[in-house]
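Architecture and fold: a report
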Amino acid sequence: MLKQNEKGAWQGALPWVMWGLGALFYCYGFFQRTAPSVMVDELMREFAVGAALTGTLSGLYFYTYAGIQIPVGLILDRFGPRRVLAVACALAGAGSLLFALAESLMVAYAGRLMIGGAVAFTWVGALLIITRWFPPHRFAMVSGLTLALGMAGGVGGQAPLALLIGEIGWRGALTTAAALALVLAALIALLVRDRGPFSPPLPAPGSAAADAPRPSLGRGLARVVRNPQTWIVGLYGAALTSPMLSFAGLWGVPYLQRLYDVEREVAALATSGMMIGWAVGAPAMGWLSDRWRRRRRVMLIASGGSLATLAAALYAPGLPFEAVAALMVLNGVVGGGMVLCFATGREHNPAWAAGAALGVVNMLAMAAGAVFQPLLGWLLDRAWDGTMEAGRPVYSVEAFQSAVWVLVGMQGVALVAAVLTRETRCRQRED
């Protein structure tokens with residue numbers, strides 16, 4: 001038996017254990033999100049496709065991820081995170097294996113769709129664990145730490161994965177990722193608990209509250225989608241996320257290779273800087289917002305800073321590679337303020353609809369990947385001059401720069417959305 005002090009230490013660590021397992025699944029999902037960025041050449045050659053279809057193959061992850069975010073929140077509200085996350089993690093591993101074994105483009109499509117649908121539960125599931133195991137005034141900071149762990153997965157899906165692909169090939173790397181997902185699924189099933197010290201209290205048996213019908217799933221969703229602030233903060237999240245998901249997550253590596261004539265691993269390290277910046281900025285912005293008891297002010301800082309740094313990195317003339325890499329890191333630091341869309345979206349809606357609120361906001365935020373990865377590929381194909389090399393199309397620097405302007409424009413959209421956001425002062429709406 002545990003001694004009293006050992007039991008107290010375990011109880012104190014328990015919230016972090018619950019959070020850690022949910023956050024590790026989110027980390028795995030982010031690894032799968034960015035993995036195609038270091039296998040663009042292999043995918044183009046293997047499946048004989050150009051940029052538009054490669055962008056679609058990578059972006060299919062976001063189609064299912066974003067497309068089921070509303071039911072994700074409702075399912076987690078109803079069934080709790082343990083069973084849902086365990087099953088989802090096992091399915092993510094199966095999708096990774098399917099993609100690794102694909103001999104045709106259609107099977108690869110199915111694998112990416114399966115991965116996206118499975119890891120769609122990661123972020124909202126982790127946030128729901130935070131809601132139930134941590135006090136409200138720590139929500140933004142711990143959710144920022146979750147995003148930081150996701151960025152670690154994203155970084156792992158770039159330069160380290162590129163090295164692993166060099167050793168065992170892209171198929172071997174994704175098969176290894178499938179096995180890791182199955183191990184994590186087992187740990188979640190064994191250790192995660194649905195209820196924590198900050199879960200809504202269960203009504204006493206026989207009380208009027210116990211006999212009253214539970215709020216329907218449809219009622220929670222209707223309350224969330226009728227609230228204009230839900231859509232404003234979701235748009236803020238989508239706009240601020242678009243460079244990380246579509247540039248750092250897919251097209252940044254071939255762009256920097258072309259612009260600076262560097263090796264793939266070096267280009268991947270530079271685009272990883274954006275994710276490293278997010279890993280620092282997300283918890284820092286969350287902590288700052290919690291400390292100031294202000295959401296909107298920090299959202300304005302984040303969106304304004306992202307607009308300035310991204311425009312400079314992509315369009316300032318004559319910048320050396322090192323300066324662009326540094327700007328990527330700075331853009332990630334301020335872009336990490338995207339995490340505030342979840343705290344703000346949750347606070348603008350009642351606590352009993354938290355899963356629905358987080359699901360809708362996450363659906364809007366992740367739509368950025370579904371839209372901008374294939375959109376940039378389509379813009380690249382439109383600007384392609386017909387050059388081929390080793391069986392794949394090669395895009396000029398001018399073609400890339402004619403495509404990435406849309407990402408700079410989206411940072412302006414984020415700034416406008418931050419202006420339109422109502423301040424909550426970190427208080428939860430209860431009605």
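Use the structure listed above.
Summary of the structure given here. For clarity, every value in this text was computed on a predicted model and none was experimentally measured. (Residues numbered from 1 in each chain as written. Predicted model: local features only at pLDDT ≥ 70, side-chain atom pairs only at ≥ 80, totals over all residues. Heavy atoms only, no water.)

Quick look at the overall build of the protein
- A tally of helices and strands in the protein yields 19 helices and two strands.
- Against the globule reference of 22 Å for 431 residues, the protein gives a C-alpha radius of gyration of 21 Å, in line with a compact fold.
- Dimensions of the protein along its principal axes, counting C-alpha atoms only, are 75 × 45 × 45 Å.
- Split into buried and exposed, the 431 residues of the protein put 57% on the buried side.
- Once local pairs closer than 6 in sequence are excluded, the contacts in the protein between residues at least 24 apart make up 85%.
- Entry remark: accessible area of the protein is about 16600 Å², with carbon and sulfur atoms responsible for 67%.
- Averaging the positions of the 32 positive and the 22 negative side-chain charges in the protein gives two centres separated by 16 Å. (Helix = DSSP H or I, 4+ residues; strand = E, 2+ residues; numbered from the N terminus. Rg over C-alpha atoms; globule rule 2.2 N^0.38 Å. Buried < 20%, exposed > 50% of the residue type's maximum accessible area, 1.4 Å probe, protein only. Contact = heavy atoms within 4.5 Å. Areas by Shrake-Rupley, 256 points an atom, 1.4 Å probe, with all protein chains shown as cover. Lys, Arg positive; Asp, Glu negative; His and termini not counted. Charge placed at Lys NZ, Arg CZ, Asp CG, Glu CD.)

A look at the nonpolar core
- Counting 133 residues, the largest nonpolar core has Phe 25, Phe 47, Leu 147, Ile 188, Tyr 236 and Met 338 as the members making the most contacts within it.
- Here this core gets 15 residues from one element, more than from any other, and that element is helix α12 (residues 228-260).
- Apart from the residues within four sequence positions on either side, Leu 147 is in contact with Tyr 26, Trp 123, Trp 278, Ala 282, Gly 336, Met 338 and Val 339. (Core = buried A, V, L, I, M, F, W, Y, C linked by side-chain atoms within 4.5 Å.)

Observations regarding the environment of Arg 226
- For Arg 226, the position within the fold is in the loop between α11 (217-225) and α12.
- Once the C-alpha coordinates of Arg 226 and Arg 264 are considered, the two residues, 38 residues apart in sequence, prove to be 46 Å apart.

Focus: the side chain of Glu 347
- Relative to the elements of secondary structure, Glu 347 occurs in helix α16 (residues 340-347).
- The exposure class assigned to Glu 347 is buried, which follows from its relative accessible area of 3%.
- Only 2.5 Å separates the side chain of Glu 347 from the side chain of Arg 295, close enough to count as a polar contact. (Polar contact = N/O pair within 3.5 Å; in protein donor to acceptor, adjacent residues only side chain to side chain.)

What to know about the pattern of salt bridges
- In this structure the tally under the stated criterion is four salt bridges.
- In this structure, Glu 42 engages Arg 264 in a salt bridge whose closest nitrogen and oxygen atoms are separated by 2.9 Å. Here Glu 42 is found in helix α2 (residues 40-47), whereas its partner Arg 264 is found in helix α13 (residues 264-292), with 222 residues between them in sequence.
- Beyond isolated ion pairs, a larger network of salt bridges with shared partners links Asp 290, Arg 295 and Glu 347. (Salt bridge = Lys/Arg side-chain N within 4 Å of Asp/Glu carboxyl O.)

Points about the packing of α12 against helix α15 (residues 321-335)
- The interhelical angle for the contact between α12 and α15, taken along N-to-C directions, is 175°, at an axis separation of 12 Å. Between α12 and α15, the interaxial angle falls into the category roughly antiparallel. Contacts between α12 and α15 involve Leu 240, Phe 247, Leu 256 and Tyr 260 from the first element and Phe 321, Val 324, Met 328, Val 334 and Gly 335 from the second. (Axes fitted to C-alpha atoms, helices over the stretch in contact; angles between N-to-C directions. Parallel < 35°, antiparallel > 145°, perpendicular 65-115°, else oblique.)

Thoughts on the side chain of Ser 306
- Summarising the element assignment, Ser 306 is placed in helix α14 (residues 296-315).
- Once residues within four sequence positions are removed from consideration, Ser 306 is found in contact with Leu 240, Asn 331, Val 334 and Gln 411.

Some remarks on a nonpolar patch on the surface
- Together, Val 183, Leu 187, Leu 190 and Leu 191 give the surface a local cluster of nonpolar side chains, amounting to about 370 Å² of exposed area.
- Inspection of the secondary structure assignment puts Leu 190 in helix α9 (residues 159-191). (Patch = residues over 30% accessible without salt bridge, like charges linked within 9 Å, V, L, I, M, F, W, Y side chains within 5 Å.)

Observations concerning the environment of Thr 271
- Locating Thr 271 in the fold gives a position in helix α13.
- We classify Thr 271 as buried; its relative accessible area is 0%.
- Among all residues touching Thr 271, those that are not within four sequence positions of it are Gln 158, Phe 247, Ala 248, Gly 252, Val 253 and Leu 256.
- In this structure the side chain of Thr 271 is engaged in a polar contact, spanning 3.0 Å, whose partner is the backbone oxygen of Ala 268.

Focus on α9
- Under the 1.5 Å per step criterion, the end-to-end length of α9 is only 32 Å for 33 residues, more than 12% shorter than the ideal 48 Å.
- Along its length, α9 shows its largest kink, about 110°, at Ile 168. (Expected span 1.5 Å × (residues − 1). Bend = angle between axes of the 7 residues up to and from the residue.)

Quick look at the packing of aromatic side chains
- Considering all chains together, one arrives at 15 aromatic pairs under this definition.
- Taking 5.6 Å as the distance between ring centres and 55° as the angle between the ring planes, the aromatic pair formed by Phe 99 and Trp 170 counts as tilted. Taken as a pair, Phe 99 in helix α5 (residues 81-101) and Trp 170 in helix α9 lie far apart in primary sequence, 71 residues in all. Like Phe 99, the residue Trp 170 is buried in the burial classification.
- For the ring pair Trp 384 and Tyr 395, a centre distance of 6.3 Å and an interplane angle of 50° mean the geometry is tilted. Of this pair, Trp 384 sits in the loop between α17 (354-383) and β1 (388-389) while Tyr 395 sits in the loop between β2 (392-393) and α18 (397-401); the two residues are eleven residues apart in sequence, bridging distant segments of the chain.
- If you follow Arg 33 out to its NZ or CZ, it ends over the ring of Phe 30, 4.1 Å from the centre.
- Here the guanidinium or amino end of Arg 297 rests over the ring plane of Trp 292, the centre of that ring lying 5.2 Å away. (Phe/Tyr/Trp six-rings, centres within 6.5 Å; stacked < 30°, edge-to-face > 60°. Lys NZ or Arg CZ within 6 Å of the ring centre and 35° of its normal.)

Focus: the packing of α12 against α14
- α14 packs onto α12 with a crossing angle of 25° between their chain directions and a minimal axis gap of 12 Å. It follows from the interaxial angle that α12 and α14 lie roughly parallel. As for the relative orientation of α12 and α14, their crossing is left-handed in sense. Judged by residue contacts, Val 233, Tyr 236, Leu 240, Pro 243, Phe 247 and Tyr 255 of α12 engage Met 299, Ala 302, Ser 303, Ser 306, Leu 310 and Leu 314 from α14. (Left-handed = near helix turned anticlockwise from the far one by under 90°.)

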